[in-house]
Each structure stands twice: as structure tokens, then as C-alpha cells.
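What follows is the residue order along each chain.
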Amino acid sequence: MKHRRLAPAAVAALLLTGCSGSGSGSSEKGLDDPAKKDIAMRLVSSAENSSLDWKAQYGYVEDIGDGRGYTAGIIGFCSGTGDLLKVVERYTADRPGNALAGFLPTLRAVNGSDSHAGLGDAFTGAWAEAAADPAFRSAQDDERDRAYFDPAVGRAEADGLGALGQFIYYDAYVMHGYADATGTVGFRTIRDQAVAEAEPPSEGGDEETYLDAFLDARVAALRKEPSHSDTSRVETAQRVFVREGKLQLETPLVWKVYGESFRIG
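Quick caveat: nothing in here was measured; it's all calculated off a predicted structure.

Undergrad: Explain the pattern of salt bridges residue by residue, including any values.
TA: In total, this model carries 18 salt bridges according to the counting rule given. Where R95 meets D133, a salt bridge forms, and the shortest distance between an N and an O atom there is 2.7 Å. Placement of the pair is R95 in the loop between α3 (83–94) and α4 (104–110) and D133 in the loop between α5 (120–130) and α6 (134–158), with a sequence separation of 38 residues. With a relative accessible area of 37%, R95 lands in the partly exposed category. Its relative accessible area of 14% is what places D133 among the buried residues. Across the pair D212 and R239 runs a salt bridge whose closest N-O atoms are separated by 3.1 Å. You can see D212 sitting in helix α9 (residues 207–222) and its partner R239 sitting in helix α10 (residues 232–243), a full 27 residues away along the chain. Overall, the relative accessible area of 23% leaves D212 in the partly exposed class. Beyond isolated ion pairs, a larger network of salt bridges with shared partners links K37, D141, R144 and D145.

Next up, the structure:
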């Protein structure tokens, strides 16, 4: 796969817009091609929900004991990290008076903690019921794209990565967030560590070598979080795809995560 070196202005534009396409300008498709994006969502769902049916996860909500409060929805928005709050704010802007709107003051109060105070069964029930509303599903889709998918794909394209690398960045964004937080290592630090070890393709580096360096840095980040210390999400899934040379997420894809086996194609 050929990659062009991006000028600073082009890099900035990609990061702002998250537009798609491979660095080569060829017919290869980036992750925001609908079919590739669906594969990415199924891969994430295999780790987040032990299922390839990511569209069945809009109503998912539980506390998984990771210190982030409730984890919910299609990519695991959390009450303790603010993105779940953003989803409900989006939903309420589009559908005032919905059953979740009354929880907004409480969600703001628990943001930054793992507290369930004022939430509990009433909140989880309302979240699950809201999943039947297309406006609620759109709110989740939009917040996923704004906070995770678009910036991850934009950064990956700026680094000259194909669909697999874009997915690897996206999954890291979903699990770790962009910036470091107390007790966690964010995407920005993971990428900085990878770049210190190997040049990305946009700088003339080999794509597989760079992705291995990124995954090494991500494994190190995972091992610093007791609640996320299992590295199979990387080692028996993403690392497998890199070693198979599936840089465009070509199917079939066969992987394991947390001991479960999955296949696409």
C-alpha cells in the first residue's frame, strides 16, 4: 500500500473533518465506508458486548465494575466519564421531555465518579426503553462519531494508515479516551509512545511495523489498569489481523477476545 506524505495543512484538515479514503488515493476504502464501518462496529461489539450484533446494544446498560459508573450503549458510554451525559443531552435537545431528561441533573452530579446516586433501576430502565426511539439511537451514533470515530479516523489517515489502522485507533479511542486520566493512559500517550518507536507510514515507515509498535504501547497501557488488564482485545484480535497483513480489514476475519471466538465473512 502506497502512502503520500501529508503537508501540515492537510493533516490539520483531516483531523478537523475526519474525512475518509486511503492515503494512496486508490480504490481502497477507509473506515467510514459503510461496510468497513459496520465491520469496525462489530469488532468493537465483540469486545464490549460479546456479540457481533452491535445494533442490539443501544439499550445495554450495566456497571461493569471499572470505576466509571454505568457503561451503556453501542460503544460503552460511561456515566463517570461524561460521554453518557452527552448522549442524553443530545437526545433531550432532539426529544424534549423524554424519559431520560429528568436524570440530566443527576448525571451531571455523578460525572467524574462511579456513583449511582439518584440513578439506579429507574435510570437503567429508562435507558433500555429509550432504545426503541430512533432519536435516541441517533444521539448515540452522533456522539460516537463526534467524540471517537471521526477524530480516530482523521488521526489515522493523517498517519497514513489504512482501514485496519483506522480501526485500531478507533478502538483505542473507545476504550482509553483521547487524554490521560487518573489511573489510565489515553490514546494521545499511546500514540506518542508508538511514534517514538516506529515511524508511521506518512513519515515513510512500514505500516505493519508501526501498528505493532502502537499495539505494544496499548498493551502496556492496558496492563496499568486493573479493570482492563486482559490484553486479548489486542493480542488475539488486532495483532492477529496485523500479522495476517489484513491492512484493509479484508474478510474473512477470525479472532478471539476474552476467550470467545468470532468470525466475519
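Resuming the write-up.
Undergrad: Kindly report on the packing of aromatic side chains, identifying the contributing residues and their values.
TA: All told, the structure shown has 15 aromatic pairs when counted by the stated rule. A ring pair is formed by Y169 and F187, whose centres lie 4.9 Å apart and whose planes are at 75°; its orientation type is edge-to-face. One end of the pair, Y169, is in helix α7 (residues 163–176); the other, F187, is in helix α8 (residues 187–197), and 18 residues separate them in sequence. Of the two residues, Y169 and F187, neither departs from the other in class, the shared state being buried. Seen from their ring centres, W255 and F262 are 5.7 Å apart, and the 20° between their planes marks the pair as stacked. Exposure class is identical for W255 and F262. Each is buried. An aromatic cluster is defined as three or more aromatic residues linked by ring pairs; in this entry it consists of Y70, Y91, F103, F123, W127 and F136. The ring of F149 has K37 sitting right over it, with the charged end atom 4.3 Å from the ring centre.

Thresholds applied
- Residues numbered from 1 in each chain as written.
- Predicted model: local features only at pLDDT ≥ 70, side-chain atom pairs only at ≥ 80, totals over all residues.
- Heavy atoms only, no water.
- Salt bridge = Lys/Arg side-chain N within 4 Å of Asp/Glu carboxyl O.
- Helix = DSSP H or I, 4+ residues; strand = E, 2+ residues; numbered from the N terminus.
- Buried < 20%, exposed > 50% of the residue type's maximum accessible area, 1.4 Å probe, protein only.
- Phe/Tyr/Trp six-rings, centres within 6.5 Å; stacked < 30°, edge-to-face > 60°.
- Lys NZ or Arg CZ within 6 Å of the ring centre and 35° of its normal.

Bear in mind that shape data such as this cannot, by itself, settle questions of function.
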